[in-house]
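# Tertiary structure, described
If you want the building blocks of each chain, they are given just below.
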2 protein chains.
Amino acid sequence: VVWNRVCILGVGLLGGSIGMKLIQSRLAKEVVGYGRDSEKLKQAVVLKAIDTGSTSLREAASGADLVVACTPVQQIPEVLAAAAEVADSQALLTDVGSTKSTLVEQLSKLGLSDQFVGSHPLAGSDRSGVRHATAKLFEDRLVMVTPTKDTKPLRLQQTLDFWQSLSARLHVMSPIEHDEAMAVTSHLPHVVASILAAATPESLVKLTGTGWQDTTRIAAGQPELWRQILEENYLPVLHALQNFATISADWIQAIEAKDFTRVEQLLKSGKLIRDSVGNQHSSG
Amino acid sequence: VVWNRVCILGVGLLGGSIGMKLIQSRLAKEVVGYGRDSEKLKQAVVLKAIDTGSTSLREAASGADLVVACTPVQQIPEVLAAAAEVADSQALLTDVGSTKSTLVEQLSKLGLSDQFVGSHPLAGSDRSGVRHATAKLFEDRLVMVTPTKDTKPLRLQQTLDFWQSLSARLHVMSPIEHDEAMAVTSHLPHVVASILAAATPESLVKLTGTGWQDTTRIAAGQPELWRQILEENYLPVLHALQNFATISADWIQAIEAKDFTRVEQLLKSGKLIRDSVGNQHSSG
């Protein structure tokens, strides 16, 4: 299936990578980008991430049969609602936001449940901006697709087809399951990396090695974006952080008691989980 | 300066990499490895990490003018004391252990303060074993050298020369300063990575992305070795972990209060420190 006109709302790392792949693989007749910064849109055109760009959302979305929202998560309902007004009446609406429950609720209130199917590609990076975009970003990466009970099978299939055409691997789950899982596997690591970085006095930064550098890498992410993600998903994040604090308290107790047999057990339980993943390195 | 006979006690990733560089760059007339497993010693000879190997420490260390202890940290005093008995009476003794205060104290009690200067290369990895050894392991890596008030300038200089011949960068500090710094920059990240891994249910491991994978990478380290490191350095580690728990409590409070302005401030303070390092990737 070739799309007639794909509208990408927000042409950064993710939006730009989607556009590049669509253009390179001729999966769309036309890829139009919307953004507020005309210089960045020009850069995206030069990089062949979009065919054309516009700072007018109505202009960009007009007549589109696929609209992909790649803005910060709290702007997604607003930009998708505006795009739906001028897009093809049968257009598929999807997104790349990191949280889903609140989003789906808001889009349902806006009457967009028929057209919208949420997506979340696990292809983030500590890098951002269209200059880091690549058509290969989604290759073999996991994309979570989050239908609700209102999602029609055809819409779900269109969304799965779209991500498969970008060479992604798919995982279908409900918005709530998604958010609870991400609280543990994505949002908690971000908070923990941030705490660890903040716990390091500036004077010691020069003595850090690859361990500290790996463990804190994602703390370089954009605070404004992560604030939104944590706000959207605050209850699952709170629970994940409380669980983390409970295990930390176990550790403190074991070390205070000089119970290094217990320390070794704790280390082994962490290693067991880590070893089950393998040693894939950051794409960033 | 070319060493006559270098004895490497424990031929794993670090010991093997030292031997390879000494052999490749002809920095020693002879490199002898000691280990308990004769198969691993044979492998090290095949890989040209050592010229010869022996399961007898006395045989391996006999007549050496440089002895480098690369065993788990709690065995270092014992193996160095045994080596010093048979090595050249003027031999330099050093090590690659991750902690220094306890070690220096024990070696002082063993009467080895004149010959021993502690070293700690920041060149660890989640990989271990001589099969991962490389002559380039220390290239541009930071090595901390930890003289005491008893260390003679000549001994310190010999130690610095040795690490410089392996292309390392040097940082001289006292054993206590070293241990307090490492508690924050190395041992705390290890504990935190371990807690984060342990906080992830097995069923969610398949949904982890590069963020989780980076943040937990070092949790794959060997529990038996890390237990020793944490035991040797337990008080600075305890303080670092308590400080970490205090910042975690701030986070929990901010999220419970839905104070996302505060959350953004916390994220910014983490990013500020992380950004001051740059984005070097793991050597592992």
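Coordinates for the structure precede this section.
The following refers to the structure shown. (Residues numbered from 1 in each chain as written. Chains lettered and ligands numbered in written order. Predicted model: local features only at pLDDT ≥ 70, side-chain atom pairs only at ≥ 80, totals over all residues. Heavy atoms only, no water.)

## Digging into the overall build of chain A
The cut-off we apply is this: Only runs of H or I of at least four residues qualify as helices and only runs of E of at least two qualify as strands under DSSP, and these elements are numbered from the N terminus. Computation of the radius of gyration draws on C-alpha atoms alone. For the globule rule, the value is 2.2 Å times the number of residues to the power 0.38. Here's how the labels work: a residue is buried when its accessible area is under 20% of the maximum for its type, exposed when over 50%, partly exposed in between, all with a 1.4 Å probe on protein chains only. Between two residues, a contact is recorded if the distance between any of their heavy atoms is within 4.5 Å. Calculation of accessible area relied on Shrake-Rupley with a 1.4 Å probe; when residues are assessed, cover is drawn exclusively from the protein chains displayed. His is not counted here, nor are the chain ends, while Lys and Arg score as positive and Asp and Glu score as negative. The location of each charge is read from NZ of Lys, CZ of Arg, CG of Asp or CD of Glu.
A tally of helices and strands in chain A yields 11 helices and eight strands. On C-alpha atoms alone, chain A measures out to a radius of gyration of 21 Å, which is about the 19 Å that the 2.2 N^0.38 rule sets for 284 residues. The principal-axis extents of the C-alpha atoms in chain A amount to approximately 70 × 40 × 30 Å. By the burial criterion, 57% of the 284 residues in chain A qualify as buried. Sequence separation of 24 or more characterises 71% of the internal contacts of chain A that already satisfy a separation of 6 or more. Of the accessible surface of chain A, which amounts to about 11,500 Å², a share of 49% is contributed by carbon and sulfur atoms. Each charge sign in chain A was given a centre, from 27 positive and 30 negative side chains, and these centres are 6 Å apart.

## Description of the pattern of salt bridges
The line we're drawing: What counts as a salt bridge is simple: a side-chain nitrogen of Lys or Arg found within 4 Å of a carboxyl oxygen of Asp or Glu.
Inspection of every chain in the model, using the stated rule, returns 28 salt bridges over all chains. Of the charged contacts in the structure, one is a salt bridge between A:Lys149 and A:Asp150, with a shortest N-O distance of 3.9 Å. Residue classification places A:Lys149 among the exposed residues on the basis of a relative accessible area of 80%. Exposure remark for A:Asp150: the relative accessible area of 39% places this residue in the partly exposed category. Notably, a salt bridge pairs A:Glu264 with A:Lys268, separated by 3.4 Å at the nearest N-O pair. Note that A:Glu264 and A:Lys268 are positioned in helix H11 (residues 260-275) at a spacing of four residues, about one turn of the helix. According to the relative accessible area criterion, A:Lys268 is partly exposed, its value standing at 42%. Each of A:Asp214, A:Arg217, B:Asp214 and B:Arg217 takes part in one network of salt bridges that share partners.

## Details of the relation of the copies chain B and chain A
The condition that has to hold: When the copies are overlaid, the least-squares fit takes in C-alpha atoms only where the residue has pLDDT of at least 70 in both copies.
For the pair chain B and chain A, the superposition axis carries a translation of 0.0 Å, the fit reaches an RMSD of 0.0 Å, and the rotation angle comes to 180°. Here the transformation between the copies is reduced to the relation of a two-fold axis. Every residue of chain B has its C-alpha some distance from the rotation axis, and the shortest such distance is that of B:Thr215, at 2.0 Å. Looking at chain B, 100% of its interface residues are interface residues in chain A too, so the copies touch through the same face.

## Thoughts on the packing of aromatic side chains
Each aromatic ring pair is described using two quantities: the centre-to-centre distance and the angle formed by the ring planes. Applied cut-off: Paired rings are identified among Phe, Tyr and Trp, the last through its six-membered ring, by centres lying within 6.5 Å, and are further divided according to the angle between planes into stacked (under 30 degrees), edge-to-face (over 60) and tilted (the rest).
Per the counting criterion, the structure on display carries eight aromatic pairs over all chains. Residues A:Tyr234 and B:Phe260 carry aromatic rings whose centres are separated by 6.4 Å and whose planes lie at 80° to one another, so their mutual orientation is edge-to-face. You can see A:Tyr234 sitting in helix H10 (residues 234-256) and its partner B:Phe260 sitting in helix H11 (residues 260-275), one on each of two chains. With centroids separated by 5.0 Å and ring planes inclined at 65°, the aromatic side chains of B:Phe162 and B:Trp163 adopt a geometry described as edge-to-face. With a relative accessible area of 0%, B:Trp163 lands in the buried category.

## Section: the nonpolar core
Quick note on the threshold: We define the nonpolar core as a collection of buried residues of types Ala, Val, Leu, Ile, Met, Phe, Trp, Tyr and Cys that are connected through side-chain atoms lying within 4.5 Å of one another.
Ranked by internal contacts, the top residues of the largest apolar core, which has 117 residues, are A:Leu9, A:Trp251, B:Leu9 and B:Trp251. For B:Trp251, the contacting residues outside a window of four places in its chain are A:Val191, A:Ser194, A:Ile195, A:Leu230, A:Leu241, B:Val263, B:Leu266 and B:Leu267. Core analysis: the next-biggest nonpolar cluster, separate from the first, contains 35 residues, A:Val6, A:Ile18, A:Phe138 and A:Leu166 among them.

## Section: the interface of chain B and chain A
Going by this rule: By buried area we mean the combined loss of accessible area, with a 1.4 Å probe, across both parts when two parts are placed together. Residues adjacent in sequence count toward polar contacts only when both atoms are side-chain atoms; beyond that, a polar contact is any pair of N or O atoms within 3.5 Å, and within protein one must be able to donate a hydrogen and the other to accept it. Gly falls in the polar group here, along with every residue not listed as nonpolar (Ala, Val, Leu, Ile, Met, Phe, Trp, Tyr, Cys, Pro) or charged (Asp, Glu, Lys, Arg).
Facing the 88 residues of chain B at the interface are 88 residues of chain A. Three residues, B:Leu207, B:Phe260 and B:Arg274, lead the burial of chain B against chain A; their summed loss comes to 9% of the area buried on that side. Across the pair A:Arg217 and B:Asp214 runs a salt bridge, and its minimum N-O distance is 3.4 Å. Across the chain B-chain A interface, the total number found is 14 residue pairs in polar contact (both at pLDDT 80 or more). Breaking the side of chain B that touches chain A down by element, the ones donating at least two residues are strand E7 (142-146), helix H7 (175-198), helix H8 (210-216), helix H9 (223-232), helix H10 (234-256) and H11 of chain B. Broken down by element, the residue count for the side of chain B that touches chain A peaks at 15 residues, all from H7(B). A class-by-class count of the residues in the side of chain B that touches chain A yields 44 nonpolar, 27 polar and 17 charged.

## With respect to the pairing of strand E4 (residues 66-69) of chain A
As a general feature of sheets, a regular strand has side chains that alternate between the two faces. Residues and elements named next belong to chain A. Where we set the bar: One requirement defines pairing of two strands: DSSP has to find at least two bridges between them. Call a crossover right-handed when, viewed with both strands pointing away from you, the route from the first strand across the helix to the second goes clockwise.
Of the two faces of E4, the one carrying Leu66 and Val68 and the one carrying Val67 and Ala69 are both buried. Sheet topology places strand E1 (residues 6-9) next to E4; four bridges connect them, and they run parallel. Residue pairing across strands places Val6 opposite Leu66, the latter belonging to E4. Bridge count for E4 against strand E5 (residues 92-95) is four bridges, and the pairing is parallel. In the sheet register, Leu66 faces E5, and the bridge partner there is Leu92. In this fold, the crossover linking E4 to E5 by way of helix H4 (residues 76-86) has right-handed handedness.

## Description of H11(A)
Heads up, the condition is: Between the first and last residue of a helix there are one fewer steps than residues, each counted as 1.5 Å, and that sum is the expected span.
Here H11(A) contains 16 residues, and its C-alpha end-to-end distance of 22 Å stays within 8% of the 22 Å for a straight helix at 1.5 Å per residue. Every buried residue belonging to H11(A) is among A:Phe260, A:Val263, A:Glu264, A:Leu266, A:Leu267, A:Gly270, A:Ile273 and A:Arg274, and all of these are buried. Where H11(A) is buried, its residues touch H10 of chain A together with H7, H8, H9 and H10 of chain B.

## Details of the packing of H11(A) against H7(B)
Note the following rule: Axes, fitted as lines to C-alpha atoms, cover a helix only where it is in contact. Angles between the N-to-C directions of the axes lie from 0 to 180 degrees. Our angle categories are set so that under 35 degrees counts as roughly parallel, over 145 as roughly antiparallel, 65 to 115 as roughly perpendicular, and the remainder as oblique. By convention, the crossing between two helices is left-handed when the near helix turns anticlockwise from the far helix through less than a right angle, and right-handed when the turn is clockwise.
Their axes nearest at 7 Å, the elements H11(A) and H7(B) cross at an angle of 60°. In terms of their interaxial angle, H11(A) and H7(B) are classed as oblique. Our pair here, H11(A) against H7(B), has a crossing hand that is left-handed. The segment H11(A) lies against H7(B), with A:Leu266, A:Leu267, A:Ser269, A:Gly270, A:Ile273 and A:Arg274 engaging B:His190, B:Ser194, B:Ala197 and B:Ala198. Taken together, the residues that form the contact of H11(A) with H7(B) break down as five nonpolar, four polar and one charged.

## Points about the side chain of A:Asp65
With respect to the secondary-structure elements, A:Asp65 resides in the loop between helix H3 (57-61) and E4. Notably, A:Asp65 is buried but unbridged: the nearest opposite-charge side chain belongs to A:Arg5, and the N-O separation is 7.6 Å.

## Thoughts on the side chain of B:Gln228
All names here are of chain B. Along the polypeptide, Gln228 turns up in helix H9. The class of Gln228 is buried, set by a relative accessible area of 13%. Each residue touching Gln228, except ones within four places of it in the same chain, is listed here: Pro72, Val73 and Gln74.

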